[in-house]
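# Architecture at a glance
Here is how the chains run, residue by residue.
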Amino acid sequence: MSRLGPIALLLAAGLTACGFQLRGGRPLPDVLRSVFIEVNQDYRTLEPPIVASLRSALRARGAEVQRKARDARASLVIEQLDERRQVISVGADGKAIEYELTTTIQYTVKADGETVLPQQTLSLSRDYSFNADAVLAKEAEELKLREAIQAELAELMMLRLEASLMMPGTTSESLRPSVDQRPPSEPR
């Protein structure tokens, strides 16, 4: 047993030396230390699952998620949340047997009245089989799959936010996609 102590110490030192960090242990960009999550949604009474996932991910990284925009330094604005279901295969009887769920989000980060991160888009798709004999079970499966997709989108958003906002000298202009304004007939 006494030999395990030094081995564990060497293993821990090796992991920290290579940059390994526990999930949620990465530093959070300063602008997101105090944040409000705003969702622009039409005709919904419940908040989408992505909001709870984002709130949890932000808190795990040390952020204070505010209930009111005026109390926060920054706002993470989910401008669009679009969920679609599409038939991807049908059986011999012409009924759907496989669907694809696609969730697309568009978001920005604003702080002190300025756009810190211009509009970004993320999209995820998952497919699942459908059985007309088990409609209720398949509807429950689809609901769980939608929640899982939104949780995964929240983690992808966090990774993108960390990468974009941690770069030194990051401004909204430097993050804006470049657009070539010359007419197509001019040589480049």
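Now for a quick tour of the structure. On a predicted model such as this, the values are computed, not experimentally measured, just so you know.

## Observations regarding the sheet that holds strand 4 (residues 96-111)
- Across the sheet, which stays open at both edges, the five strands sit in the order 2-1-3-4-5 with mixed pairing between neighbours. Single-partner strands in this sheet number two, and they are strand 2 (64-66) and strand 5 (114-129). Between one strand axis and the next, the sheet turns by 30° as a mean value, whatever way the strands run.
- Two elements, strand 1 (residues 34-39) and strand 2, share three bridges in a ladder whose sense is parallel.

## Some words on the packing of aromatic side chains
- Inspection of every chain in the model, using the stated rule, returns two aromatic pairs.
- On the numbers, 5.9 Å between centres and 25° between planes, the contact of Y99 with Y128 is stacked. Highlighted residues: Y99 in strand 4 and Y128 in strand 5, separated in sequence by 29 residues.
- Here Y99 falls in the buried class, since its relative accessible area comes to 12%.
- One aromatic cluster is present, formed by Y99, Y128 and F130 through successive ring pairs.

## Some remarks on the pattern of salt bridges
- Summed over the entire model, instances satisfying the criterion amount to 10 salt bridges.
- With its nearest N and O atoms 3.0 Å apart, the salt bridge here joins E142 to R85. With E142 in helix 3 (residues 135-165) and R85 in strand 3 (residues 74-90), the pair connects residues that are 57 residues apart, well separated along the chain.
- A relative accessible area of 11% places E142 in the buried class.

## Here we look at the pairing of strand 3
- Judged from the five bridges that link them, strand 1 and strand 3 form a sheet pairing that is parallel. Its bridge partner being in strand 3, F36 is matched across the sheet by S75.
- Bridging between strand 3 and strand 4 involves 15 bridges; their strand directions are antiparallel. Looking at the pairing, S89 lines up with E98 of strand 4.
- Between strand 3 and strand 4, which follow one another and run antiparallel, lie five residues, and G94 among them has a positive phi close to 85°.

## Focus: the environment of L101
- With respect to the helices and strands, L101 occurs in strand 4.
- A relative accessible area of 1% places L101 in the buried class.
- Between the alpha carbons of L101 and E83 there is a distance of 7.2 Å; along the sequence they are 18 residues apart.
- When near neighbours in sequence (up to four residues on either side) are disregarded, L101 contacts R84, R85, L124, S125, R126, Y128, E142, L145, R146 and I149.

## Here's the deal with the pairing of strand 4
- Looking at chain direction, strand 4 and strand 5 are connected through 13 bridges and run antiparallel. For E98, the partnering residue across the bridge sits in strand 5 and is S129.
- Hairpin geometry of strand 4 and strand 5 is characterised by an intervening segment of two residues between the two adjacent antiparallel strands and by a positive phi of about 50° at D112.

Procedures and definitions
- Residues numbered from 1 in each chain as written.
- Predicted model: local features only at pLDDT ≥ 70, side-chain atom pairs only at ≥ 80, totals over all residues.
- Heavy atoms only, no water.
- Pairing = 2+ DSSP bridges.
- Helix = DSSP H or I, 4+ residues; strand = E, 2+ residues; numbered from the N terminus.
- Axes fitted to C-alpha atoms, helices over the stretch in contact; angles between N-to-C directions.
- Phe/Tyr/Trp six-rings, centres within 6.5 Å; stacked < 30°, edge-to-face > 60°.
- Buried < 20%, exposed > 50% of the residue type's maximum accessible area, 1.4 Å probe, protein only.
- Salt bridge = Lys/Arg side-chain N within 4 Å of Asp/Glu carboxyl O.
- Contact = heavy atoms within 4.5 Å.

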